[in-house]
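# Summary of structural features
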Amino acid sequence: MEEEKTITKDNTQVETKPKKKGHGCLITFLIILVLFVGVGLFLYFRIKYVLSNLGKEQDLGITYTQQDYDSLQEKVGIADVPEENVCIGCSAAVYSKAKNVDIVITSQEASAAFDIVNRNMPVGSIQNTQIKFSDDKVEISTLLTYEGNTFPIYVSGILAKATTNSITGEVFDVKAGPVKLPSGVNDMVKDGLLQIFNESLTSLGDNLRIDTLQITDQGLEFKGLVPTKIN
């Protein structure tokens with residue numbers, strides 16, 4: 001640190017106290033440190049939030065009981081079905097006694113049926129399903145248990161008639177807990193869901209005919225032919 005010298009009028013030099021350097025580097029360092037700490041705290045609390053909410057499903061405000069499932073069976077005219085035969089991917093069931101129906105399936109009825117139909121999947125289980133029909137859109141929120149781990153799943157999209165025995169659709173949003181999955185996952189989910197649904201519909205054979213399939217605020221409007229007996 002250099003001493004500062006001053007020349008007076010009589011050409012004598014007077015030594016003064018050393019000139020202090022500025023604190024610019026120290027201030028810059030502190031700012032960077034604060035930024036790193038801030039980013040670290042943000043990431044910590046964000047990860048903590050994700051982990052703490054991973055087991056919580058998105059609430060769509062749909063509540064239902066066994067009576068809603070019974071109501072759907074009554075609308076379609078389906079007789080009592082053995083529980084082992086109401087499972088996608090389980091042992092093949094035999095469908096018969098098809099009849100024409102013109103019905104509206106409510107969000108409550110769809111939620112109850114989806115929960116029961118998928119309760120005994122061989123690869124896992126579904127529970128607390130909520131299905132909401134509104135504005136030409138369907139939302140599904142459920143808890144999927146696979147290999148002992150439970151994941152909250154949320155999917156939103158549209159469904160429409162493709163042929164007399166198949167459906168098509170689009171997926172708008174896919175979430176696992178509070179985490180929104182990349183948009184590229186949407187097509188994978190859509191293709192997987194459509195494959196599962198259409199394989200199930202195809203298994204109905206001549207006992208199924210889709211004339212109308214439309215989502216409204218009142219529910220899912222279906223008109224066509226459906227089986228009323230499952231053995």
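Everything discussed here concerns the structure shown above.
Residues numbered from 1 in each chain as written. Predicted model: local features only at pLDDT ≥ 70, side-chain atom pairs only at ≥ 80, totals over all residues. Heavy atoms only, no water.

For the rest of this paragraph, the subject is helix α2 (residues 66-76). Among all positions in α2, only D68, Y69, L72, Q73 and V76 are buried. Taken end-on, α2 shows its buried residues confined to a sector of 145 degrees, consistent with a single buried face. Relative to its buried face, α2 has exposed residues pointing more than 90 degrees away, namely Q67 and E74. Where α2 ends, the next residue or the one after it, G77, has phi of about 90 degrees, a positive value. (Buried < 20%, exposed > 50% of the residue type's maximum accessible area, 1.4 Å probe, protein only. Helix = DSSP H or I, 4+ residues; strand = E, 2+ residues; numbered from the N terminus. Arc of directions from axis to C-beta.)

Turning next to the side chain of S166. Within the secondary structure, S166 sits in strand β7 (residues 166-176). Under the relative-accessibility criterion, S166 is labelled buried at 15%. A distance of 2.6 Å separates the side chain of S166 from the side chain of T163, its partner in a polar contact. With near-sequence residues (within four places) excluded, S166 lies in contact with K161, N198, L201 and I210. (Polar contact = N/O pair within 3.5 Å; in protein donor to acceptor, adjacent residues only side chain to side chain. Contact = heavy atoms within 4.5 Å.)

As a further point, take unusual backbone geometry. The residue D135 is not glycine, and still its phi comes out positive at about 50 degrees. Along the chain, D135 falls in the loop between β4 (125-134) and β5 (137-146). Accessibility expressed as a relative area gives 64% for D135, which makes it exposed.

Attention now moves to the pattern of salt bridges. Applying the stated criterion across every chain, the model contains two salt bridges. A salt bridge links E109 to K75; the nearest nitrogen and oxygen atoms lie 2.9 Å apart. Here E109, found in helix α3 (residues 107-117), pairs with K75, found in helix α2; they are 34 residues apart in sequence, far enough to count as distant. We classify E109 as buried; its relative accessible area is 4%. Between D211 and R209 there is a salt bridge, with the nearest N and O atoms lying 3.0 Å from each other. The class of D211 is partly exposed, set by a relative accessible area of 33%. On the basis of relative accessible area, R209 is assigned to the partly exposed category, the value being 30%. (Salt bridge = Lys/Arg side-chain N within 4 Å of Asp/Glu carboxyl O.)

For α3, a buried count of eight out of eleven residues is recorded, marking the element as mostly surrounded by other parts of the structure. For α3, every residue scored as buried is listed here: S107, E109, A110, S111, A112, A113, D115 and I116. Where the residues of α3 are buried, they touch α2, β3 (95-105) and β4.

What follows covers the pairing of β5. In terms of residue burial, β5 counts as a mostly covered element, since seven of its ten residues are buried. In this sheet, β5 lies alongside β4 in antiparallel orientation, the contact comprising eight bridges. From the neighbouring strand, I131 faces β5, where its bridge partner is I140. Connecting β4 to the antiparallel partner β5 that follows it, the hairpin turn spans two residues, and D135 within it adopts a positive phi of roughly 50 degrees. Bridging between β5 and strand β6 (residues 149-163) involves nine bridges; their strand directions are antiparallel. Its bridge partner lying in β6, S141 is registered against Y154. With antiparallel pairing between neighbouring strands as the criterion, β5 and β6 make up a hairpin whose turn holds two residues, including E147 at a positive phi of roughly 50 degrees. (Pairing = 2+ DSSP bridges.)

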